[in-house]
Amino acid sequence: MDKKISEVKKVKDQEVKKSEFTGEKTVAGKYYVPLTDIVETEKSLVVTMDIPGVKKENIHVKLEDNVLEVDGQIDYSTYNDLNPVYTEYNVGHFTRKFSVSNEIDTGNIDANLSDGVLTLTLPKAPEAQPRQIKVN
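Thresholds, definitions, all that
Residues numbered from 1 in each chain as written. Predicted model: local features only at pLDDT ≥ 70, side-chain atom pairs only at ≥ 80, totals over all residues. Heavy atoms only, no water. pLDDT = per-residue confidence, 0-100. Contact = heavy atoms within 4.5 Å. Buried < 20%, exposed > 50% of the residue type's maximum accessible area, 1.4 Å probe, protein only. Helix = DSSP H or I, 4+ residues; strand = E, 2+ residues; numbered from the N terminus. Pairing = 2+ DSSP bridges. Salt bridge = Lys/Arg side-chain N within 4 Å of Asp/Glu carboxyl O. Axes fitted to C-alpha atoms, helices over the stretch in contact; angles between N-to-C directions.

Some remarks on the confidence of the model for the protein chain
In the predicted model, the protein chain carries a mean pLDDT of 82, and 79% of its residues have values of at least 70. For residues 8–12, every residue scores under 50 in pLDDT, and the model assigns this stretch zero contacts once sequence neighbours within four places are set aside.

Some words on the pairing of strand E5 (residues 67–72)
Judged by how many residues are buried, E5 sits mostly within the fold: five of six residues are covered. Taken together, the six bridges between strand E4 (residues 59–64) and E5 define a ladder with antiparallel strand orientation. Residue pairing in the sheet places Val61 in a bridge with Val70 of E5. Here E4 hands over to E5 after two residues, with Asp65 in that stretch at a positive phi of 55°. Two elements, E5 and strand E6 (residues 93–99), share six bridges in a ladder whose sense is antiparallel. Note that in E6 the partner of Asp71 across the bridge is Thr95.

Concerning the sheet that holds strand E1 (residues 31–32)
Reading across the sheet, the four strands line up as E1-E6-E5-E4 and stay open at both edges, with mixed pairing between neighbours. One side of each edge strand has no neighbouring strand; the edge strands of this open sheet are E1 and E4. Here E1 runs beside E6; their pairing, made up of two bridges, is parallel. Residue pairing in the sheet places Tyr32 in a bridge with Phe94 of E6.

Here we look at the pattern of salt bridges
Within the structure shown, the criterion is met by two salt bridges. The salt bridge involving Glu40 is made with Lys124; its shortest N-O contact spans 2.6 Å. Of this pair, Glu40 sits in strand E2 (residues 36–40) while Lys124 is found in the segment after strand E8 (117–123), placing the two residues 84 residues apart along the sequence. Residue Glu40 is classed as exposed on the basis of its relative accessible area, which comes to 58%.

Observations regarding the sheet that holds strand E3 (residues 44–50)
Strands sit in the order E2-E3-E8-E7 across an open sheet of four strands; the sheet is antiparallel. Of all the strands in the sheet, just E2 and strand E7 (110–114) have a single pairing partner and so form its edges. Looking at each pair of strands side by side, their axes are set apart by 15° on average, direction ignored. Pairing analysis gives five bridges linking E2 to E3, with the strands arranged antiparallel. Across the sheet, Thr36 pairs through a bridge with Met49, a residue of E3.

The following block contains the structure:
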């Protein structure tokens, strides 16, 4: 029994990491930087980011001047009648920007949302992909 109490105490004593967006926004509301992973394959870069509570129609992905911007808006109405007893999860909008190199085929970027995870597939331009060179 003491071990369980000790583990609960450890969790309670942990500092809650907040990843609040510190850039400027002209829209009222809390914005957070979504946790993101980027992996590279031979043919693409795959970006996955956590954006819980954001519906597909409220996600805006924009590419302008080689900057890829993701903006996810939360519908606060589902939280209006809640009376939190204890919270670690903060509700707010999400925003993130990435610089995209010329090695990315920007015309074929793909975005999918599943279970609160946004997956962006950024295919490499054909000239940036690995290729075999035949020796004569």
